[in-house]
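So you can see what is in the structure, the chains are spelled out below.
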Amino acid sequence: MILSMSGVVLLGIIVFLFFRKDGLKGSHAVVSALFGFYLASTAIAPSIKAGGESLASLLGGIKF
């Protein structure tokens, strides 16, 4: 499934506006999930995955 970067940006803006204006509702969660799936198929996906892994390792290394 191919989605142009403008579509991903548009979905990102819609998700941001949903969170900013109304909080999270059922329909908003669906749009957020679609945004995640479409974002995962773009060229930026490996960078997002690496950032998530770095954050997880940083949080895992915190000693209480």
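Procedures and definitions
Residues numbered from 1 in each chain as written. Predicted model: local features only at pLDDT ≥ 70, side-chain atom pairs only at ≥ 80, totals over all residues. Heavy atoms only, no water. Helix = DSSP H or I, 4+ residues; strand = E, 2+ residues; numbered from the N terminus. Buried < 20%, exposed > 50% of the residue type's maximum accessible area, 1.4 Å probe, protein only. Areas by Shrake-Rupley, 256 points an atom, 1.4 Å probe, with all protein chains shown as cover. pLDDT = per-residue confidence, 0-100. Contact = heavy atoms within 4.5 Å. Patch = residues over 30% accessible without salt bridge, like charges linked within 9 Å, V, L, I, M, F, W, Y side chains within 5 Å. Salt bridge = Lys/Arg side-chain N within 4 Å of Asp/Glu carboxyl O. Expected span 1.5 Å × (residues − 1). Arc of directions from axis to C-beta.

## Considering the overall build of the chain
Turning to step 1, where the next piece is worked out: Scanning the chain for helices and strands turns up 3 helices and 0 strands.
Turning to step 2, where the next piece is worked out: Ordered by position in the sequence, the α and β elements of the chain form the string α-α-α.
Turning to step 3, where the next piece is worked out: Looking at the chain residue by residue over its 64 residues, the buried ones come to 14%.
Turning to step 4, where the next piece is worked out: Total accessible area on the chain is roughly 5,000 Å²; 73% of this is exposed by carbon and sulfur atoms.

## Some remarks on the confidence of the model for the chain
For residues with low pLDDT, the predicted coordinates do not support detailed interpretation.
Turning to step 1, where the next piece is worked out: Confidence in the prediction for the chain averages 75 pLDDT; 88% of positions are at 70 or higher.
Turning to step 2, where the next piece is worked out: Confidence scores differ between elements of the chain, with helix α2 (residues 26-40) showing the lowest mean pLDDT of 75 and helix α3 (residues 45-60) the highest of 80.

## Focus: the environment of L39
Turning to step 1, where the next piece is worked out: Of note, L39 is situated in helix α2.
Turning to step 2, where the next piece is worked out: By relative accessible area, which is 19% here, L39 ends up buried.
Turning to step 3, where the next piece is worked out: Along the primary structure L39 and G12 are separated by 27 residues, whereas in three dimensions their C-alpha atoms are 9.0 Å apart.
Turning to step 4, where the next piece is worked out: In this structure, L39 is in contact with V8, I44, A45 and I48, ignoring residues within four places of it in sequence.

## Digging into a nonpolar patch on the surface
Turning to step 1, where the next piece is worked out: On the surface, a nonpolar cluster with roughly 620 Å² of combined accessible area is contributed by L55, L58, L59, I62 and F64.
Turning to step 2, where the next piece is worked out: A relative accessible area of 48% places L55 in the partly exposed class.

## Points about the environment of F35
Turning to step 1, where the next piece is worked out: In this structure, F35 sits in helix α2.
Turning to step 2, where the next piece is worked out: Remark: the alpha-carbon pair of F35 and I14, spanning 21 residues in sequence, is separated by 9.3 Å.
Turning to step 3, where the next piece is worked out: If sequence neighbours within four positions are ignored, F35 has contacts with V8, L11, G12 and V15.

## Quick look at α2
Note that an α-helix has 3.6 residues per turn; residues three or four places apart therefore point the same way.
Turning to step 1, where the next piece is worked out: Its 15 residues give α2 an end-to-end C-alpha distance of 21 Å, which sits within 8% of 21 Å, the value for a rise of 1.5 Å per residue.
Turning to step 2, where the next piece is worked out: Along α2, the residues that are buried comprise H28, V31 and L39. The buried residues of α2 all sit within an arc of 70° when viewed along its axis, so they share a single face. The exposed residues of α2 that point more than 90 degrees off its buried face are G26, V30, F37 and A40.

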